[in-house]
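Commentary on secondary and tertiary structure
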Amino acid sequence: MPQLFNAATNSYARGSLMAFASLPVLAILVGMTLSRHSPNTRQNIPLEQPVPFSHKHHTIELGIDCRYCHTSVETAADAGMPSTETCMSCHQHIWTNSPLLDPVRQSYAENKPIVWTQLNKVPEFVYFNHSVHINKGVSCNQCHGAIQDMQIAYKSRTLFMSWCLECHREPEKYMYADPANKELSPREQVFNLYVKYQKDASRHSLSGMEMNLIKGAEQHALSTKEGRELVKARGIKKEQLTDCWICHR
Amino acid sequence: MNNTRGQFDLAAVREKLAGKSGRAYWRSLEEVAETPEFQAWVDDEFPNRNSLMQVDRRSLLKYMGASMMLAGLAGCRSLRLPPAKLVPYVNRPEEMVSGEKLYFATGYTLQGITDGIIVESNYGRPTKIEGNPKHPFSGGSSTSLMQASILDLYDPDRSKTPAKDNVPNDWVAFLGEARAWVADAAKKGGQGLAVLVPTVGSPSVMAELETIKRKYPNMVIASWEPAHRDRVYKGAAQSFGKPLETVYNLAQAKVVLSIASDFMSAGPGSLKYAREWAQSRNVDGDPAGMSRLYSVESTPTTTGAIADHRLALGAMGVRGFIQALAARIGVPAANASQVAGDAAVWLEAVAQDLEANNGASVVIPGEDLDADSISLCHSINQTLGANGKLVNHHSPVTWMAGGQEESLERLLASDISTLFILGGNPVFNAPASRKFGEFLKKAKHSVHLSPYLDETSRSSQWHLPESHALESWGDGQALDGTTTIIQPLIDPLYDTKSMLETLREVFGDGGDPGDNLKASWAKNGLSDKAWRSALNDGVVPNSKNPAAAVVAGMPGAQSPQDLGDGELEILFRADPTIFDGRFANNGWLQELPKPLTTMTWDNTVQVSPKLAEKLGIVSGDLVKVTTHVGDVTGGAWVLPGQAENTITIHYGYGQDWGDSLIAAGTGFNAYKIWNGSPVMMGSIAKSDGKIALASTQMHHYLEGRDIVREMELDALLHPHEGEHAEGEHHRDISMYPDPDKEFPYDGPKWGMTIDLNVCIGCHACVTACQAENNIAVVGKDQVLKGREMHWIRVDRYYGTKGIGEVSGKVKPTRADLDNPTTHLMPVTCMHCEAAPCEPVCPVAATVHSKEGLNQMVYNRCVGTRYCSNNCPYKVRRFNFLNYNDRKFSDFKIDGHNSSRDLRVRLMVNNPEVTVRGRGVMEKCTYCVQRINAARIHAKNAAAKGQREKPDPMDGEIVTACQQACPTGAIAFGNIADESSRISRLKKMPRNYSLLEELNTHNRTTYLTKLRNPNKEVEPA
């Protein structure tokens, strides 16, 4: 009687045992990988909004400052979402019949707020403050990517804690100051870059590093030597930035 | 402790105390008796839990397996949360910045007296009450009751709609009926109509009532509440011929004698008196000018606890003491009585001290004394030259000053067909002897305005829901007449109206309450601009009543008091936390330990140790108290310092209006045996059974180590060699890493000092912390297990008399069970530089910040509780259950099911602080949210070139406890800054660190309590 199982069966048995044993590990690995990728984090996915608002059109094409709508970005924890009234300050004069703006007009007429979908949300345990980041010269693009070039806004960064810590551990790698306008305060540096970018049709006056920053590339803005000087000049207490209670409380 | 309370012999306690030599401090009788139950409590970090050993092996494995599985599942809360929504305004209000707090000045009214408050508002939702620093009378501090009143706004039990015969109805129907009744009665000048209001101090309400009185001359208008202040006004009327408010100015006082008065913690004016008394203790400046405080009282109060000398006398004894003192000082008193024994020595010494400081000494009578005694005290103060200086008199600020008791009698004697009860809860809290419930039944129409569907509402034809003070317009006056406009922070959450609105709707023209108020103040000469600034500041300018120049007349004959029969005096007092019962449904106040008994969730029958010995009872035994009105059974509490044959009962508990979430099932109803007098005669008998009393006195016990420190003023002024060891700082070798080397940092280092010399144990800090840091209420069953969550607690120690060692000489100490010295000590996280909690955490959930804060990171915490076990100060609190999501029905031992929407109570939470869930350790953060806010403000200002250094300046950060403290006992700041106030305080010789020998290098330190004893009272 021939043998029921040939020699290779041993390997199959071992293999399947090993596969079985490694299944939970694999499952966890797959789960972890999936949870860190854009379908779950919604990174780089434009979400549906009640009004297809274009940041690109309003900022770069029309030259409206970020702070026209996000009024409290320099002074408060929240950047502030514009009220319907802010939209209507222009749109009662222009595009008054555009069907795309129906929700805005409706909101204004009925006194009911527009409900936007939030893109960038940190967990409840994180107490993020916009004003202090702006006042220390952290560009909007560091966290929001090339927001000024977006037709429909999307989340550009994962907003994982490890991502926050990259800058909180080594802020010198993310510091920027216009070499031509060193006298500007860190806060003015942030907005100056957009003015430069917006004015400059050929885009040639921006340095490569500035282009990287404005295009939202996740890489170092300046050489670390200059960065360290900026960290010092701006009074950033690097050692304090990794205290838990700086962000959590 | 209490459900494990064993029987022990009080005589043995007495013996053991007598055997103690030197300084000794103790927290409870059980501790001195060293009962086995006490030892078990101390030995177990988390007592009263089921031991793991009680679970058999199989079940244990089952639970372990299940926990592991569930632990894995807990990680998968949701792989993908639905996207959040952003909802901006349509028209953003000018002052509203997303995420920024707004602050509004308004007023808080208790007993008809209004103090200034500032209310914090988050997105239009009031979240915290603090004192208004611009209010000249109450100042910037606050009381626990003031702070906690905000929780009532979000009480899920609040009545939401009017009800007729206990069936929901509406205001339109009510107003239709009520106006018809009034129109009907108007034909006879209001005959048969009656209005009953609680104590009213609002000028607008008073004006409205005056108008109504003129319009309907035959109508009966009465004003009554249990804690009315008739006796104060009557006492003044006896002395000065008219009722007056008495206001004390203690800042310059040298000698203060408090007679049965808790002037620093209770009653209107307590915030001012506490602040000024602390100034008179004056130790920040010149210690030699420190004032002296005597207290003679029947039942221990916080004022008695911090007094330099305290004498315990029964109520009649106190009366006799006042008469004897008056005679001794030279007031021609009609019947000077004799004071014998120790009290006579005491009296003579006090009288000499008072006379020696003529012009800087004052006697403060308690508001629960009889009018004769208060009048006599006015005469004493006049003789002492205090009138016009330390004592001022102003015209009364409440309606029917001195006539409330009579007005209630008048009402009860009248034939009433329509009765409007606008506030209060008289069916519950009118003295049983008055039989208010029967009176109410006789009225054809009865209406009750109340925040809850309570006893009175249920017995009335109509119930009307009352607005919270933070939802309504109004006004009120402080004791000296300083007027505050009460402005709403939020539209009424439900279909409610205030008393003023209801009066105007029923008897007047109605209209918008805000417009009405503004118009009536415009008539009083408040221009539009002045109105706005009054709203902004919280004070109507120049509204203080001028001090009346009055001279006390000859005191009349002291009429004997008729107190009824019985061998014991029974004192009736408003509860220190839930007051007359109005806060019975307020979780913060129910769980706030009462200052001296440390009792939560219950009232007790307070008996002296001697009486307890005689009756053979210990704390927790049920006793029956009988007066001529009736009898009631409650748990006894043996309270050292209580006068021997006097028992004290606090009223307000024992409410029974159905399925209230918090109030139901707590305490016993003292109103049932009351006739309205603060003192009655009665008897007490041991009853069968025991009650579990949730007292916190033994929780977080530090095993009798050297905790409280006190010294005599003499020792501070004339230090001897080696006596200042307490102020020295050791840097001994330690098993923990040297913090200076471990964390080199050149920024601010936060630190705190708590001055035990001026801490009066009022517990305002505890409530302030609870409100600021979203601290959960855990319920009586959990407090019994020692699981209360307060981040700051006030420990109460009893101590020996005498200090043991003064000026190098050993002085005998006297342990006294019946009248021990009492010490109060707030304890919170010490923020140790070498913190024992940190190295034992397996997941680094508690670590140090560069600024020296001992950080607790909730998201890392896995709940091993090692940190709490290793904390020498017992300041860490663990969330054994999901307290914030806990159903209210779980709060009491006899729970019940409830279907109401509880989400509304989440609205009180501070959005700047994480709400903790189950299985997480928490503790004092030094209000890190306030530090961060100040730090970011400083950084932003520095970046804009508005200031030089990006660090908060001294005084910019005020922690919640510090803000609330009426005496300024808590200081906070940057100890790296040599010029800061905190650095100055920490350099004082009185500065000491708790358990310094542990080398934990505490950032929170204490300033030794100073005693300023009179050698004549306690001869060396």
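Bear in mind the structure is a predicted one, so any value in this text is a computation, not a measurement.

So, about the overall build of chain A. Looking only at helices and strands, chain A has 13 helices and 1 strand in total. Secondary structure elements of chain A, listed N to C terminal, follow the sequence α-α-α-α-α-α-β-α-α-α-α-α-α-α. For chain A, whose C-alpha radius of gyration is 25 Å, the value lies well above the compact-globule estimate of 18 Å for 249 residues. Across the 249 residues of chain A, 29% fall into the buried class. Residue pairs in contact within chain A that sit at least 24 positions apart in sequence constitute 69% of those at least 6 positions apart.

Let us now look at the overall build of chain B. Tallying secondary structure elements over chain B gives 30 helices and 42 strands in all. Of the contacts formed within chain B by residues at least 6 apart in sequence, a portion of 75% connects residues at least 24 apart.

Residue and element names in this part refer to chain B. If you walk across this open sheet you meet the 4 strands as β39-β30-β41-β40, and the pairing is mixed. Edge positions in the open sheet fall to β39 (970-974) and β40 (991-992), since each of these has one partner strand only. Bridge count for strand β30 (residues 750-755) against β39 is 5 bridges, and the pairing is antiparallel. Within β39, the residue paired with Thr753 across the bridge is Ala971.

Turning to the packing of helix α5 (residues 144-153) of chain B against helix α25 (residues 764-772) of chain B, a few remarks are in order. All names here are of chain B. Relative orientation of the contacting elements α5 and α25 amounts to 25°, with a least axis distance of 8 Å. On the basis of their axis angle, the class for α5 and α25 is roughly parallel. Crossing geometry of α5 relative to α25 is assigned as left-handed. Of α25, the residues touching α5 (which contributes Ser144, Gln147, Ala148 and Ile150) are Ala764, Thr767, Ala768 and Ala771. A class-by-class count of the residues in the contact of α5 with α25 yields 5 nonpolar, 3 polar and no charged.

Side-chain positions along a regular strand alternate between the two faces of the sheet. Here 4 bridges tie strand β21 (residues 568-574) of chain B to strand β27 (residues 679-690) of chain B, and the two strands are oriented antiparallel to one another. The residue of β27 of chain B that forms the bridge with Ile570 of chain B is Met680 of chain B.

All right, on to the domain arrangement of chain A then. Domain assignment breaks chain A into domain 1 (8-35), domain 2 (55-81 + 117-247) and domain 3 (83-115). One C-alpha centre belongs to domain 1 of chain A, the other to domain 2 of chain A, and the line joining them spans 44 Å.

We now examine the interface of chain A and chain B. The interface of chain A with chain B comprises 43 residues on the first partner and 39 residues on the second. Only α5 (84-91), α6 (102-110), β1 (116-117), α7 (130-135), α10 (186-199) and α13 (244-247) of chain A provide two or more residues apiece to the side of chain A that touches chain B. Top contributing element to the side of chain A that touches chain B by residue count: α7 of chain A, with 3 residues. A class-by-class count of the residues in the side of chain A that touches chain B yields 16 nonpolar, 17 polar and 10 charged. Examined bridge by bridge, β1 of chain A and strand β2 (residues 85-86) of chain B share 2 bridges and lie antiparallel to one another. Each residue of the ladder has a partner; that of Thr117 of chain A, found in β2 of chain B, is Lys85 of chain B.

Let us look at the nonpolar core. Membership of the largest hydrophobic core comes to 259 residues, with the highest contact counts inside it found for Ala194, Ile259, Val362 and Cys765 of chain B. Per-element accounting of this core gives the leading share, 8 residues, to helix α11 (residues 315-329) of chain B. Not counting chain neighbours up to four residues away, the residues in contact with Val362 of chain B comprise Tyr248, Ala253, Val256, Asn381, Leu384, Ala386, Leu390 and Val391 of chain B. One finds Val73, Leu119, Val190 and Tyr197 of chain A within the second-largest nonpolar core, a separate group that totals 22 residues.

All names here are of chain B. Spatial ordering of the open sheet is given by β7-β6-β18-β17-β16-β8-β9, a layout of 7 strands whose pairing is mixed. The sheet is open, and its two borders are formed by β7 (167-168) and β9 (220-223), each paired with just one other strand. One ladder, built from 2 bridges, connects strand β6 (residues 163-164) with β7; its direction is antiparallel. Bridge pairing in β7 links Ala163 to Pro168. Sheet strands touched by helix α14 (residues 404-413): β8 (193-197) and β9. Its angle to β9, the strand with the most contacts, is close to 135°.

In this section: helix α9 (residues 270-281) of chain B. All names here are of chain B. For α9, built from 12 residues, the straight-helix expectation of 16 Å at 1.5 Å per residue is met to within 8% by its first-to-last C-alpha distance of 16 Å. Along α9, 11 of the 12 residues are buried, which leaves the element largely enclosed by surrounding structure. Residues of α9 that are buried: Ser270, Leu271, Lys272, Tyr273, Ala274, Arg275, Glu276, Trp277, Ala278, Ser280 and Arg281. Lining the buried residues of α9 we find β4 (113-122), β5 (125-131), β10 (245-248) and β11 (255-259).

A positive phi angle, close to 65°, is found at Asn44 of chain A, a residue other than glycine. For Asn44 of chain A, a count of 11 C-beta atoms within 10 Å puts it in the exposed group. Positive phi, close to 50°, is recorded for Tyr123 of chain B, a residue that is not glycine. Its place among the elements puts Tyr123 of chain B in the loop between β4 and β5.

The subject of this paragraph is the domain arrangement of chain B. All names here are of chain B. Domain annotation for chain B reports domain 1 (2-43), domain 2 (245-394), domain 3 (568-695) and domain 4 (710-1011). At the junction of the two partners, domain 3 supplies 21 residues and domain 4 supplies 25 residues. Looking at the side of domain 3 that touches domain 4, its residues break down into 12 nonpolar, 6 polar and 3 charged.

This part covers helix α28 (residues 928-943) of chain B. In this model α28 of chain B runs 22 Å from its N-terminal to its C-terminal C-alpha over 16 residues, within 8% of the 22 Å that 1.5 Å per residue would give. When you tally the buried positions in α28 of chain B, you get 12 out of 16 residues, the bulk of the element. In this fold, the buried residues of α28 of chain B make contact with α7, α10 and α13 of chain A together with β30 of chain B. Backbone geometry just downstream of α28 of chain B places Gly945 of chain B in the positive-phi region, at approximately 80°.

Tracing the backbone through its elements, the reader meets Ser207 of chain A in the loop between α10 and α11 (208-214). Between the C-alpha atoms of Ser207 of chain A and Glu110 of chain A, which are 97 residues apart in sequence, the distance is 48 Å.

Further remarks concern the environment of Asn44 of chain A. Residues and elements named next belong to chain A. Looking at where Asn44 falls in the secondary structure, it is placed in the loop between α2 (38-41) and α3 (55-61). Spatially, the C-alpha atom of Asn44 lies 13 Å from that of Ala217, the residues being 173 residues apart in sequence. Excluding anything up to four places from it in sequence, Asn44 contacts Ser38, Tyr154 and Ser156.

Among the structural elements, Asp659 of chain B can be located in the loop between β26 (646-651) and β27. Residues Asp659 of chain B and Glu130 of chain B, 529 residues apart in the sequence, show an inter-C-alpha distance of 31 Å.

What counts, and at which threshold
Residues numbered from 1 in each chain as written. Chains lettered and ligands numbered in written order. Predicted model: local features only at pLDDT ≥ 70, side-chain atom pairs only at ≥ 80, totals over all residues. Helix = DSSP H or I, 4+ residues; strand = E, 2+ residues; numbered from the N terminus. Rg over C-alpha atoms; globule rule 2.2 N^0.38 Å. Buried ≥ 20, exposed ≤ 12 C-beta atoms within 10 Å, placed from the backbone. Contact = placed C-beta atoms within 7 Å. Pairing = 2+ DSSP bridges. Axes fitted to C-alpha atoms, helices over the stretch in contact; angles between N-to-C directions. Parallel < 35°, antiparallel > 145°, perpendicular 65-115°, else oblique. Left-handed = near helix turned anticlockwise from the far one by under 90°. Nonpolar A, V, L, I, M, F, W, Y, C, P; charged D, E, K, R; others polar. Domains from an automatic or database assignment. Core = buried A, V, L, I, M, F, W, Y, C linked by C-beta atoms within 7 Å. Expected span 1.5 Å × (residues − 1).

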